[in-house]
Amino acid sequence: MRNILITGGAGFVGSNLGQYWKRDFPEDRVIALDNLKRRGSELILPRLKKSGIEFVHGDIRNREDIESLGKTDLILECSAEPSVQAGYHGDPRYLINTNLSGTLNCLEFARERGAQFVFLSTSRVYPIHAIRQLPLEESGERFSIPSGKKGVGWSEHGIAENFPLEGVRSLYGATKLSSELFIQEYASMYGLETIVNRCGVLTGPWQMGKVDQGFITLWASQFLYGGHLTYIGFGGGGRQVRDILHVSDLYELLKIQIGNMPKYSGKTYNVGGGVGNSISIRELSRLCSSLIRKSLEIDSVPDTHPADIPYYVSDNSLITSETGWSPGKSVQNILEEVFLWLKDYRPQLEDLLLRR
Ligand SMILES: NC(=O)c1ccc[n+]([C@@H]2O[C@H](COP(=O)([O-])OP(=O)(O)OC[C@H]3O[C@@H](n4cnc5c(N)ncnc54)[C@H](O)[C@@H]3O)[C@@H](O)[C@H]2O)c1
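Residues numbered from 1 in each chain as written. Predicted model: local features only at pLDDT ≥ 70, side-chain atom pairs only at ≥ 80, totals over all residues. Heavy atoms only, no water.

Asks: Help me understand the site of the ligand, please; the structure alone is not making it clear to me.
Replies: Residues in contact with the ligand amount to 31 residues; listed here are only the nearest, Val13, Asp34, Tyr94, Tyr172 and Lys176. A distance of 3.0 Å separates a nitrogen atom of the ligand from a polar atom in the backbone of Ile60. Taking 820 Å² as the accessible area of the ligand by itself, protein coverage stands at 97%. Going through the elements one at a time, helix 1 (12–24), helix 4 (93–113), strand 5 (116–122), helix 6 (170–190) and strand 12 (201–203) are the ones with two or more residues in the shell around the ligand. Grouping the constituent residues of the shell around the ligand by class yields 14 nonpolar, 11 polar and six charged. (Near = heavy atom within 4 Å. Polar contact = N/O pair within 3.5 Å; in protein donor to acceptor, adjacent residues only side chain to side chain. Areas by Shrake-Rupley, 256 points an atom, 1.4 Å probe, with all protein chains shown as cover. Helix = DSSP H or I, 4+ residues; strand = E, 2+ residues; numbered from the N terminus. Nonpolar A, V, L, I, M, F, W, Y, C, P; charged D, E, K, R; others polar.)

This is how it looks when you write it as structure tokens:
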């Protein structure tokens, strides 16, 4: 029996990973620690209980909250302020104290307990300006990298791990990159076993999408429930592209990595849906509309938020070559699952997801 601690365990990624873990390894003890900051996280609690996951109401900014926990063999660090826009219009301390200081508390806890440490980093460690400088073309309803064009760390397959890191990346990206550096040092200095995956967009049912984070469930919920949507930035045409990965595909990868820690520990991987699972928001509108046979008028604002980028697609070449893993669920599969969830849980979700 292993003791697994999932920080941010009532959030979208943490709660799903916990439930998959309990399904596959029912003998393990799984603890979900969360401060319930994310709106909607409280709806997850009965699901955790039903799966046999123990919930601890705690905050990773407080060392005492973590240290009161007992024996721990593996930490999945899934707590965060996950919005790239956090801090732009006000006090950045919550973001920094959670995403950097809090992560360091978790890392220190892992060192003391000799626990393995899994960190969900982000594509947002790559600098904004450098991504905006990519020679994108406008093809149909999306931006894309022209076939055959490439440079250091980028090609038509997306962004690879060696994409240059020089430049600003938002405070969110900076806290994640700083955490990565500490994790690397702890792995080297203390022999801690660690995994760092820089994820593109993760999504699926139970993601409490909002305007600044979780755009797939935001889009689907506004289409289904009759809300309001706007194409913002890069001229307002909705041609920004992201790759999307179902959280169950992330779990399948983590199982491979955790199952062979000596092979994957200390390394950093880009992980996402890849080119095959990429979509622009304009294409997303079209797909939502065709899946539920409903249209929605979408506003347009041409001005671009300072943190926004026109394109991000994970180049999965490294992780696929080392593990054999690749994403299983297509964009359409993911959307269909999300719509089913939104329909099944409408009484609980509608007010919450339409709130702006
Ligand atoms: N969802 C994505 O597209 C995506 C992409 C790349 C990386 N990530 C990373 O994956 C992780 C999980 O993201 P998510 O999408 O599940 O976000 P989420 O907001 O759904 O979950 C994060 C959870 O952390 C909790 N939390 C916030 N501050 C806390 C604190 N100080 N102490 C304890 N709990 C706290 C929140 O209440 C929430 O339940 C984050 O580290 C995020 O940066 C997410």
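Asks: How do you make sense of the environment of Lys37 when you look at a structure like this?
Replies: Within the fold, Lys37 resides in the loop between strand 2 (29–34) and helix 2 (45–50). Distance from Lys37 to Gly11, taken between C-alpha atoms, is 9.1 Å for residues 26 residues apart in sequence. Aside from chain neighbours lying at most four places away, what touches Lys37 is Glu81 and Tyr94. (Contact = heavy atoms within 4.5 Å.)

Asks: Sorry, what's going on with the packing of helix 4 against helix 6 here?
Replies: How two helices pack is summed up by the angle between their axes together with the distance between the axes. Relative to each other, helix 4 and helix 6 sit at 15 degrees, their axes nearing to 9 Å. With respect to helix 6, the element helix 4 is oriented roughly parallel. Relative to helix 6, helix 4 is oriented so that their crossing is right-handed. Of the residues in helix 6, those touching helix 4 at Leu95, Ile96, Asn99, Leu100, Thr103, Leu104, Leu107, Glu108 and Arg111 are Leu171, Tyr172, Thr175, Ser178, Ser179, Phe182, Ile183, Tyr186 and Tyr190. Considered class by class, the residues forming the contact of helix 4 with helix 6 number 11 nonpolar, five polar and two charged. (Axes fitted to C-alpha atoms, helices over the stretch in contact; angles between N-to-C directions. Parallel < 35°, antiparallel > 145°, perpendicular 65-115°, else oblique. Left-handed = near helix turned anticlockwise from the far one by under 90°.)

Without other data, these values stay purely geometric and don't point to any function.
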